[in-house]
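Below, each chain spelled out in residue letters.
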Amino acid sequence: MKQRHYLGATASIYINYALVGMITIILSQYSTYFQKSWHTDIKGISIVLAVVGLGRILTILSAGVISDKIGRKKTLLIALVADIIFLLGAAYAHNLLMACIAALFFGVTNSFGDAAGYPALTDAYPNKSATMNSLVKAAMSLCQFLFPFWVAAVTDARLTAIVLALALAANILLTLVSPFPPHKETPQKNKVSTENATAIQPQTKGQQPKMAIDGALLIALGFTICFTFYVFSQYLPNFGVNVLGVSASTAKTLVSWYAMASLISVFITAIAVTKIKRLTLIIIYTALSAAGLFLMLLKPSLLTARIGSLAIGFFGAGGIWQVGLSILTSYFPKGHGKLTSYYSFMAAVTYFLGPLLSSFVISTTAASVLTVFWITAVDTVISVVITLLLIQRRQHLTLPRN
């Protein structure tokens, strides 16, 4: 009955992420349109994407504190309003400066959306937090899969922005009328997570997780996982056009392959996380993500690009980032809002550093685009290394067998 009571809040959170999923790739999908509107080029688009990350960096740490203080509902409302400002600002911008100012608000959206959404789902479904947080990705992936087809039918980016803004306004109304779970920390005595029932067997010897070591490694993992799928999805159309030499419309469909795999993965991952130790799941996923990237880089073709898109979509973007967050909150059960903000901070750095770094090397040449993807491949290997360190550390900790 308690969970049914929060269906409205749950729906508003998932709707928010569904819309954010589309808005995240709107600049890459309508890249040509925005380049003309803002009088810039692909480097300018990368700079605007980097400013999104900057906006997130500037607000993510405070967003977690604000979320714990004023509640998840008000925090989510801030995210929704900021998203509307970004969409309309980007749609009506006439130069790069105006676009960058608008992009700052999308950074705010990401910060406050994460600081509200993930903790609210954890508060509402304490025994199913990993699954519920992973399903966030399902909402995003479904809309990212469908969005390229919308773009093919609606070539006017301004009209698309208006439609999305209206959808956000409707979600504001839903959020206002929906009760959210209380966000104060409460002890969970005599409760055993059904999704971890086979795994939660505390060890009798060992030490407690240390924020300076285990927390830092998990937060770093939040960066590397996010870097892989974010940079990959943003520049995948460029890979198709400049490396493979296919048409722009064909190149954009690679994002649909990526999103389709991500959507399927979310549901499989939601089941797998109840059967497999979560760090073991992450090491499998990151290793296969790296394999998919190396395949499409060493043997570039439309076929290997589709295989790589499926690999990164399934193993890199199918909810594994959220699984990492669930491990972090299980290691350190107090202050979920702050912990989420720390973890999401590294995603913010990804949103800033990934496009900024890419803006220095990317152009319309195949070599420049390949460089961006090689950087992404190296980052994915680092994810594997970090996870191996965490697995090694886990053997000496007193905690649920994550």
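Please refer to the structure higher up on the page.
Reference entry: report on the structure contained in this document. It should be emphasised that the depicted structure is a prediction, and the values quoted were computed from it without experimental measurement.

Rules used in this analysis
Residues numbered from 1 in each chain as written. Predicted model: local features only at pLDDT ≥ 70, side-chain atom pairs only at ≥ 80, totals over all residues. Heavy atoms only, no water. Helix = DSSP H or I, 4+ residues; strand = E, 2+ residues; numbered from the N terminus. Rg over C-alpha atoms; globule rule 2.2 N^0.38 Å. Buried < 20%, exposed > 50% of the residue type's maximum accessible area, 1.4 Å probe, protein only. Contact = heavy atoms within 4.5 Å. Expected span 1.5 Å × (residues − 1). Phe/Tyr/Trp six-rings, centres within 6.5 Å; stacked < 30°, edge-to-face > 60°. Patch = residues over 30% accessible without salt bridge, like charges linked within 9 Å, V, L, I, M, F, W, Y side chains within 5 Å. Areas by Shrake-Rupley, 256 points an atom, 1.4 Å probe, with all protein chains shown as cover. Salt bridge = Lys/Arg side-chain N within 4 Å of Asp/Glu carboxyl O. Polar contact = N/O pair within 3.5 Å; in protein donor to acceptor, adjacent residues only side chain to side chain. Axes fitted to C-alpha atoms, helices over the stretch in contact; angles between N-to-C directions. Parallel < 35°, antiparallel > 145°, perpendicular 65-115°, else oblique. Nonpolar A, V, L, I, M, F, W, Y, C, P; charged D, E, K, R; others polar. Left-handed = near helix turned anticlockwise from the far one by under 90°. Core = buried A, V, L, I, M, F, W, Y, C linked by side-chain atoms within 4.5 Å.

1. A few points about the overall build of the protein chain
Argument step 1. The number of helices and strands found in the protein chain is 16 helices and 0 strands.
Argument step 2. Here the protein chain has a C-alpha radius of gyration of 20 Å; the compact-globule value for 402 residues is 21 Å, and the two agree.
Argument step 3. Projected onto its principal axes, the C-alpha coordinates of the protein chain cover approximately 60 × 50 × 30 Å.
Argument step 4. Residues counted as buried form 58% of the 402 residues belonging to the protein chain.
Argument step 5. Long-range pairs, those at least 24 residues apart, make up 86% of the contacts in the protein chain with a sequence separation of at least 6.

2. A few points about helix H14 (residues 320–331)
Argument step 1. Taking 1.5 Å of rise per residue, the 12 residues of H14 would be expected to cover 16 Å, and the 17 Å separating its terminal C-alpha atoms lies within 8% of that figure.
Argument step 2. Burial runs high along H14: 11 of the 12 residues are buried.
Argument step 3. Considered for burial, the residues of H14 that qualify are Ile320, Trp321, Gln322, Val323, Gly324, Leu325, Ser326, Ile327, Leu328, Thr329 and Tyr331.

3. Regarding the environment of Met140
Argument step 1. Along the polypeptide, Met140 turns up in helix H8 (residues 129–153).
Argument step 2. Classification of Met140 by relative accessible area gives buried; the value is 11%.
Argument step 3. Between the C-alpha atoms of Met140 and Met22, which are 118 residues apart in sequence, the distance is 7.3 Å.
Argument step 4. The residues contacting Met140, other than those within four sequence positions of it, are Tyr17, Ala18, Val20 and Gly21.

4. Focus on the packing of aromatic side chains
Argument step 1. In the structure shown here, the tally under the stated rule is 18 aromatic pairs.
Argument step 2. Ring geometry for Phe239 versus Phe373: centroids 4.9 Å apart, planes at 55 degrees, classification tilted. Separated by 134 residues along the polypeptide, Phe239 in helix H10 (residues 211–244) and Phe373 in helix H16 (residues 366–394) bring together distant segments of the chain. A single burial state applies to Phe239 and to Phe373, both of which are buried.
Argument step 3. Look at Tyr331 and Phe332: their rings are 6.2 Å apart centre to centre, the planes differ by 70 degrees, and that puts the pair in the edge-to-face class.

5. Brief notes about helix H13 (residues 302–316)
Argument step 1. End to end, H13 covers 20 Å across 15 residues, agreeing with the expected 21 Å (1.5 Å per residue, within 8%).
Argument step 2. All buried positions along H13 are accounted for by Thr304, Ala305, Gly308, Ser309, Ala311, Ile312, Gly313, Phe314, Phe315 and Gly316.
Argument step 3. Check the buried side of H13 and you find it contacts H10, helix H11 (248–275), helix H12 (278–298) and H14.

6. Details of a nonpolar patch on the surface
Argument step 1. A contiguous nonpolar surface patch, about 680 Å² in accessible area, is contributed by Leu54, Leu58, Val81, Ile85, Leu97, Ile101, Leu104 and Phe105.
Argument step 2. Listing elements by their share of the nonpolar patch, those giving two or more residues are helix H5 (42–70), helix H6 (72–92) and helix H7 (96–124).
Argument step 3. Sorting elements by how many residues they give to the nonpolar patch places H7 first, with 4 residues.
Argument step 4. By the element assignment, Val81 lies in helix H6.
Argument step 5. With a relative accessible area of 43%, Val81 lands in the partly exposed category.

7. Thoughts on the side chain of Thr10
Argument step 1. By secondary structure assignment, the location of Thr10 is in helix H2 (residues 7–24).
Argument step 2. Polar contacts involving the side chain of Thr10 include one to the main-chain carbonyl oxygen of Tyr6, which spans 2.8 Å.
Argument step 3. Apart from the residues lying within four places of it in its own chain, the contact partners of Thr10 are Leu121, Tyr125 and Met132.

8. Describing the pattern of salt bridges
Argument step 1. According to the stated counting rule, one finds 4 salt bridges in the structure shown.
Argument step 2. Members of the salt-bridge network, linked through shared partners, are Asp68, Arg72 and Asp123.

9. Quick notes on the packing of helix H4 (residues 31–38) against H5
Argument step 1. Where H4 meets H5, the axes come as close as 9 Å, and the angle between the chain directions of the two elements is 95 degrees. In terms of axis orientation, H4 runs roughly perpendicular to H5. Residues Ser31, Phe34, Gln35 and Trp38 of H4 touch H5, and the partners they reach there are Ile42, Ile45 and Val48.
Argument step 2. Residue classes in the contact of H4 with H5 are distributed as 5 nonpolar, 2 polar and no charged.

10. Examining the packing of H10 against H12
Argument step 1. Direction vectors running N to C along H10 and H12 enclose 30 degrees, while the axes themselves pass 12 Å from each other. Judged by the angle between their axes, H10 and H12 are roughly parallel. Where H10 crosses over H12, the two elements pack in a sense that is left-handed. For the pair H10 and H12, contact is made by Leu221, Ile225, Thr228, Phe232, Leu236 and Phe239 and by Ile282, Leu293, Met296 and Leu297, respectively.
Argument step 2. Here the contact of H10 with H12 is built from residues that sort into 9 nonpolar, 1 polar and no charged.

11. Points about the environment of Ile57
Argument step 1. Relative to the elements of secondary structure, Ile57 occurs in helix H5.
Argument step 2. Residue Ile57 is classed as partly exposed on the basis of its relative accessible area of 23%.
Argument step 3. Considered as a pair, Ile57 and Ala287 are 230 residues apart in the sequence and their alpha carbons are 28 Å apart.
Argument step 4. Among all residues touching Ile57, those that are not within four sequence positions of it are Phe345, Ala348, Val349 and Phe352.

12. Some thoughts on unusual backbone geometry
Argument step 1. Positioned with a positive phi, His39 is a non-glycine residue whose angle comes to about 55 degrees.
Argument step 2. Looking at the element boundaries, His39 is found in the loop between H4 and H5.

13. Observations concerning the nonpolar core
Argument step 1. Counting 121 residues, the largest nonpolar core has Ile26, Trp38, Leu87, Phe229, Phe239 and Phe373 as the members making the most contacts within it.
Argument step 2. Filtering out sequence-adjacent residues up to four positions away, Phe373 remains in contact with Phe232, Tyr235, Leu236, Phe239, Leu293, Met296 and Leu297.
Argument step 3. Ala63, Ala82, Val108 and Phe112 belong to the second largest nonpolar core, which has 6 residues in total.

Just geometry here; none of it tells us what the structure is for.
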